[in-house]
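Coordinates in review
Chain by chain, the residues:
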Amino acid sequence: AAEQGRRLMICLLCGQHLKKNLTFGELLFLKKEEGSLCLACYSNFEMIGEEHCPNCYKKGVSTSCQDCQLWCKEGVEVSHEAIFTYNQPMKDFFNRYKFDGDYILRKVFSMILNENLKKYKDYHFILIPLSPERYAKRGFNQVAGLIEAAGLSHLDVLGKREEKASSSKNRSERLATELPFFIKEDSRIPKKILLIDDIYTTGATVNRVKSMLENAGAEEVRTFSLV
């Protein structure tokens, strides 16, 4: 137990021992985060403030952004929520977690994800999947890692065919690509769905999958991402 306690008192990002003499506020923070992240590292992440696109949470705009206006013209009503901006510390986090395979980092945002997803208790969670080839190479689904570390469950409804990674495509390529996702055979589509991904950029992935789920019988599909 003592050894476990020492391990929990090391920041997962910087590897530094968390200081022993804590203020009351810091103690509450570390209790919530299970000692996984020091305050210095956590403060590097930038939460989306009050001013954001009401449809997709893009920072710095107060009315529907250009991307959401384009989706509206295509008949897609964007209903997305995100927590953080994609600043450099967040890019570094995803490089380590997603691309370097540092799987323990799935725990970094467990508490804040749990708190933010409580309001969706009436929704069934469905995650954006990886192709079998991508999964075999990475060894895990990064979205599933984040959600499961937050103590939440999800339905295994979607599959994906192998294609060029979306992170290597520009906007026009992402929007023009034939949808590689599909609903698995004999899957039951819930009426209310929260579709979850890790990063939202143009919305090309989640909004097209959202439309696919709606066409399959879902009555309400909202979308969510960490960033």
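Structure shown above.
Each residue is numbered by its place in its chain's sequence as written, counting from 1. Given that the model is predicted, a residue must reach a pLDDT of at least 70 before its local features are reported, and side-chain atom pairs must reach 80 or more before they are shown or counted; all residues, however, enter totals for whole chains, interfaces and linings. Side-chain measures were taken over the full set of non-hydrogen atoms in the model, leaving aside hydrogen atoms and water.

A 1.4 Å probe rolled over the protein chains alone gives each residue an accessible area, and that area as a share of the maximum for its type sets the label: buried under 20%, exposed over 50%, partly exposed in between. Numbering goes from the N terminus for both helices and strands, where a helix is a DSSP run of H or I of at least four residues and a strand is a run of E of at least two. The element strand β5 (residues 192-197) is extensively covered by neighbouring structure, given that five of its six residues are classed as buried. At least two bridges found by DSSP between two strands are what make those strands a pair. Two strands pair when backbone bridges link them, and strand β2 (residues 124-127) and β5 are joined in this way by four bridges, in the parallel orientation. Across the sheet, Phe125 pairs through a bridge with Leu194, a residue of β5. When β5 meets strand β6 (residues 220-225), the two strands line up parallel, connected through six bridges. The partner of Ile193 across the bridge, within β6, is Val221. The parallel pair β5 and β6, bridged by helix α10 (residues 204-215), forms a crossover whose chirality is right-handed. Crossovers are described as right-handed under a simple rule: with the strands pointing away from the observer, the path leading from the first strand over the helix to the second runs clockwise.

Side-chain rings of Phe, Tyr and Trp (the six-membered ring for Trp) are treated as a pair once their centres are within 6.5 Å; stacked means planes under 30 degrees apart, edge-to-face means over 60, and tilted covers the remaining angles. Under the counting rule described, the total for this entry stands at 13 aromatic pairs. Seen in terms of ring centroids, Phe45 and Phe109 are 5.0 Å apart; in terms of plane orientation they differ by 70°. Their pairing is edge-to-face. Placement of Phe45 in the loop between α3 (39-42) and α4 (66-73) and of Phe109 in the loop between α5 (88-99) and α6 (110-117) is noted, with a sequence separation of 64 residues between them. Relative accessible area serves as the criterion here: at 8%, Phe45 is assigned to the buried category. Here Phe109 falls in the buried class, since its relative accessible area comes to 0%. Consider the rings of Phe84 and Phe109, whose centres lie 5.1 Å apart with planes at 50°: the pair is tilted. On the criterion of sequence distance, the pair formed by Phe84 in the loop between β1 (80-82) and α5 and Phe109 in the loop between α5 and α6 is long-range, its members being 25 residues apart. Accessibility classification places Phe84 together with Phe109 in one group, the buried group.

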